[in-house]
Amino acid sequence: MAPEEAKLKVIEKEKKQIKPEDKSVDPATIKMLYKAQADGVETIFDRAETMKACAIGIQGTCCKNCSQGPCRLPLTKKEAEGEDSRKGLCGATPETIAARNFARMVAAGAAAHSDHGRGVAEVFLAAARKETKDYTIKDETKLKAIAGDFGVATTVKEGDEEKERDIYSIAVEVGEKALGEWGKQEGEIYYARRAPQARYELWKKLGIIPRGIDREIVEIMHRTHMGVDQDYENIVKQCSRAALADGWAGSMMATDLQDVLFGTPYPIRGQINLGVLKEDHVNIIVHGHEPLLSEMIVVAAQDPEMIEYARTKGAKGIVLAGMCCTANEILVRHGMPIAGNYLQQELAIITGAVDAMVVDVQCIMENLANVAACYHTKLITTNPRCKIASGKTIHIEFDEHHALEDARKIVKTAIDNFPNRRAEVLIPKEKEMMVVGFSYEAINYHLGGTFRGSYTPLNDNIINGRIRGIGGVVGCNNARTMHDSAHLIVVKELLKNDVIVLTTGCNAMACGKAGLLTPEAARVYCGPGLAEVCDAVGIPPVLHMGSCVDNSRILMAATEVVKAGGLGNDISDLPAAGCAPEWMSEKAISIGHYFVASGVYTIFGVTLPVEGAPVFKDYLFNGLEKIVGGKWDLIEDPYEMARKMIAHIDAKRKALGIDKARERKLMDMADRQKLKAA
Ligand code: NFS
Ligand code: SF4
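Residues numbered from 1 in each chain as written. Chains lettered and ligands numbered in written order. Predicted model: local features only at pLDDT ≥ 70, side-chain atom pairs only at ≥ 80, totals over all residues. Heavy atoms only, no water.

A.B. asks: When you look at the coordination of the nickel atom of ligand 1 in this model, what are you seeing that I'm missing?
C.D. replies: Octahedral metal centres with six donors ideally show angles of 90 or 180 degrees, and tetrahedral centres with four donors ideally show 109.5 degrees. On the protein, Cys548 (SG) is the one donor atom to the nickel atom of ligand 1, at 2.2 Å. Considering all 4 donor atoms around the nickel atom of ligand 1, the spread of angles at the metal, 90 to 159°, places the coordination shape in the irregular class. Among the secondary structure elements, Cys548 is positioned in the loop between strand 15 (542–544) and helix 23 (551–564). (Donors = N, O, S within 2.8 Å, 3.2 Å for Na, K, Ca; no water. Tetrahedral: all angles 85-135°; square planar, octahedral: opposite > 155°, others 65-115°. Helix = DSSP H or I, 4+ residues; strand = E, 2+ residues; numbered from the N terminus.)

Structural data, given as structure tokens:
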């Protein structure tokens, strides 16, 4: 090669080289990005640099719902300032197009969560009918608690006596009714009545109580077909019905039935970040969302026979770690370590130490197959819904009827691959301790004192102003924004201002890595009021409630707060707000919309595909509040995001007449000094 040409190649390479410090605030991630560069492996961080998002699609105003398009309707200065006469070939306005696109995201998100829930319901029913020996009814208390919601009796009259029913016959009935929720055509989903009475009545009045899960999703697809619903308000109404079917049915049943099968989470210790991997161990990563298989892999990986087999291959043992929400599921129930959140999936393989990455469904990057091919890692797909067509993966299909056998096969494949490591192994040392597993039942127990579970003490602390309000911070990572940065800024700002944080998903993992999920974090990051409460109860100021389907736990926690009294009659009365600072998936849109339709002010970061349709945007950001009590917002700057959440919380406090208590509390210097002395 001529010297000039070689020089050009170097410049070309440098131009594309990302600067890892600009891409993440997580030291382990930064180290692995350097290793990726040294190994010549491309990741999503590189592609985000070289490929920009489509300027029209990002506005939400590109329609490809029929072959006369795609019709592209960008909002330019001309329309923004003057007359807006944009139309698709059929005459569709930017509002119709953006609303249809938004609705299809809700449909896809609701489908993903709910289809996950359906799989759980099927396994649940198989377990109830004793068709599988690998799954059993583990949490009988929770089963009895949810039986009531499905109208299933837990006792039976025998003569004059009221006797407990056999737990498995209760489970069969619950399982059948639960599974029926997907195909139900009429009436209301059972869990709608779990909501505060005022919320239920409002939904009823608005006609947005879901009939059945599948029906609402299908109806979105029908309405957004070419030439059907052309009224954005009417489209949004169906979005609400489908999103509520996700939050209050598909996701909520996934959570509940998983709890019955695998145990309701209670506080437990865990560890997080790539440093949980061990060079001299077989490392298996389970990645995706459903705990059905990973629960079995937990069992298989702890089997002494398997550990012995690993030793025969020269390994000291087996490390099983999670990635994305599968990780959250096995973390909150078993304390299994987490390797990282969404943007770290390629990086885990780049350590060179992962002998198998096992994936089920959702948030699995196709590029994993390419990265795995650069190392020795076996990428194993397990779900018929999710195969990676590169010829570089192994498919071991998981079946609930021989689940443990499948799991053993997978663990064995990983062990057999241990001697094949070829690249230099480099595992960053970073790992953090955390306390996780705050189901709404656990919060009830922990904040309620020793002898009675109740949300009353939490409410009292909100009313007296020690806790200013509740912030739900959830959602993904997004390669278009600095990894974990916005998550941590928002959470820290909220804590500083005495807002307790409930978290799930990839935000929970960002918090874990930053050391926010420990009781000790309260003294470091919280305002005096919140610090005092956390200290007294011994909880972290950020409560890890689980995976993304477990956002349903946040709905239930909010409902419990309403029911405990003193803070209004509806979720929309609470001094609370939610956000997803780094969202990327369609599931996030469905979650966002079910929170909005449940009465919550919900802010998204990064971007939202509504900018090209100002009228539709205004409806989501303002108009909706008058109808459902909650509304959408988009704020890129995480400081501003936190500020607006706090302003909303303060406005709600004022409306409740509890703003005065907080003012007094702030002037109480004695309390601050007491805290400093402690
Ligand atoms: Ni939620 Fe979980 Fe993470 Fe986003 Fe993906 S893992 S279900 S979608 S990226 S939080
Ligand atoms: Fe264009 Fe209308 Fe077809 Fe959409 S449905 S692609 S706006 S003609």
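Having seen the structure, we can now continue with the description.
A.B. asks: Could you clarify how one ought to interpret the site of ligand 1 in this entry?
C.D. replies: Close to ligand 1 lie His289, Cys324, Cys325, Tyr342, Cys363, Gly475, Cys476, Cys506, Cys548, Met584, Ser585 and Lys587. One can see that ligand 1 is located within the largest cavity. Here the residues of the shell around ligand 1 sort into 8 nonpolar, 3 polar and 1 charged. Composition of the shell around ligand 1 by domain shows at least three residues from each of domain 2 (274–420) and domain 3 (434–656). (Near = heavy atom within 4 Å. 1 Å grid on protein atoms, 1.4 Å probe; cavity = no way out; pocket = protein on both sides within 12 Å on 5 of 7 lines; lining within 4 Å. Sits in = over half its atoms within 2 Å of the grid points. Nonpolar A, V, L, I, M, F, W, Y, C, P; charged D, E, K, R; others polar. Domains from an automatic or database assignment.)

A.B. asks: Please explain the pattern of salt bridges as it appears in this structure.
C.D. replies: It is possible for side chains bearing opposite charge to pair when their charged atoms get close. Considering all chains together, one arrives at 53 salt bridges under this definition. Close ionic contact of Glu79 with Lys78 constitutes a salt bridge, the shortest N to O distance being 3.7 Å. On the accessibility criterion, Lys78 (59% relative accessible area) is exposed. Between Asp570 and Arg199 there is a salt bridge, and its shortest N-O distance comes to 3.0 Å. Taken as a pair, Asp570 in the loop between helix 23 and strand 16 (576–580) and Arg199 in helix 8 (residues 197–206) lie far apart in primary sequence, 371 residues in all. On the accessibility criterion, Arg199 (0% relative accessible area) is buried. (Salt bridge = Lys/Arg side-chain N within 4 Å of Asp/Glu carboxyl O. Buried < 20%, exposed > 50% of the residue type's maximum accessible area, 1.4 Å probe, protein only.)

A.B. asks: Where do I start with the sheet that holds strand 14 (residues 499–503) in this structure?
C.D. replies: Note on sheets: strands pair through backbone hydrogen bonds, and any given pair is parallel or antiparallel. Strands sit in the order 15-14-13-16-17-18 across an open sheet of 6 strands; the sheet is parallel. The sheet is open, and its two borders are formed by strand 15 and strand 18 (631–634), each paired with just one other strand. Going from strand to strand, the sheet's axes swing by 25° on average, the running direction of each strand aside. Pairing analysis gives 5 bridges linking strand 13 (residues 469–473) to strand 14, with the strands arranged parallel. Each bridged residue has a counterpart across the sheet, and for Gly469 the counterpart in strand 14 is Val499. Packing against the sheet, helix 26 (residues 638–656) makes contact with strand 13, strand 14, strand 16, strand 17 (601–604) and strand 18, and its axis sits at approximately 160° to strand 16. (Pairing = 2+ DSSP bridges. Axes fitted to C-alpha atoms, helices over the stretch in contact; angles between N-to-C directions. Contact = heavy atoms within 4.5 Å.)

A.B. asks: Teacher, can you tell me more about the domain arrangement of the chain here?
C.D. replies: Where the parts come together, the accessible area they lose is often given as the size of the interface. Domain boundaries in the chain define domain 1 (94–262), domain 2 (274–420) and domain 3 (434–656). For domain 1 and domain 3, the distance between their C-alpha centres works out to 23 Å. On the side of domain 3, 38 residues touch domain 1, which itself brings 39 residues to the contact. Among the residues domain 1 hides against domain 3, the three largest losses belong to Phe102, Met105 and Arg199. Together they make up 20% of the total. At the boundary of domain 1 and domain 3, one finds 3 salt bridges. (Buried area = accessible area lost by both parts, 1.4 Å probe.)

A.B. asks: What is the right way to look at unusual backbone geometry in this model?
C.D. replies: For residues that are not glycine, phi is negative in most cases, and the peptide bond is trans in most cases. Geometrically, the link from Gly69 to Pro70 is a cis peptide bond, its omega value of -5° lying close to zero. Looking at the secondary structure, you find Pro70 in the loop between strand 1 (62–63) and strand 2 (71–72). A positive phi is found at Cys324, a non-glycine position, where the angle reads about 55°. Given the relative accessible area of 2%, Cys324 is considered buried. Not every positive phi belongs to a glycine, and Asp484 is a case in point at roughly 70°. With respect to the helices, strands and loops of the structure, Asp484 is situated in the loop between strand 13 and helix 19 (485–496). Overall, Asp484 belongs to the buried group, its relative accessible area being 2%.

A.B. asks: How should I be thinking about empty space enclosed by the protein in this particular structure?
C.D. replies: Gaps between atoms show up when a probe of the same size as a water molecule is rolled over them. Using the criterion set out here, one finds 6 cavities of 30 Å³ or more in the structure. Quantified by volume, the largest cavity comes out at close to 450 Å³. Looking at the largest cavity, it is lined by 43 residues, and the ones nearest its centre are Gly472, Val474, Asn551, Ile554 and Phe595. Secondary structure elements with two or more residues in the lining of the largest cavity: helix 13 (324–334), helix 17 (440–447), strand 13, strand 14, helix 23, strand 16, helix 24 (586–597) and strand 17. With 6 residues, helix 23 is the largest single contributor of residues to the lining of the largest cavity. Of the residues assigned to the lining of the largest cavity, the class counts are 33 nonpolar, 9 polar and 1 charged. Of the domains in this structure, domain 2 (274–420) and domain 3 (434–656) are the two that each give at least three residues to the lining of the largest cavity. (Points joined across faces, edges and corners; volume = space filled by probe spheres on them.)

A.B. asks: Can you walk me through the layout of surface pockets in this structure?
C.D. replies: Volume-wise, the largest pocket comes out at about 1,000 Å³. Forming the boundary of the largest pocket are 33 residues, of which Ala53, Gly57, Met105, Trp583 and Met584 lie nearest the centre. Secondary-structure elements contributing two or more residues to the lining of the largest pocket are helix 3 (44–50), strand 1, helix 5 (94–128) and helix 24. Looking at the lining of the largest pocket, the element that brings in the most residues is helix 5, giving 6 residues. In the lining of the largest pocket, the residues fall into 18 nonpolar, 9 polar and 6 charged. Each of domain 1 (94–262) and domain 3 (434–656) gives at least three residues to the lining of the largest pocket.

A.B. asks: Please clarify how helix 18 (residues 456–463) should be interpreted in this entry.
C.D. replies: For an α-helix, 3.6 residues make a turn, and residues three or four places apart therefore share a direction. Within helix 18, the full set of buried residues consists of Pro457, Leu458, Asn459, Asn461 and Ile462. The secondary structure elements touched by the buried residues of helix 18 are helix 17, strand 13, helix 22 (528–537), helix 23 and helix 26.

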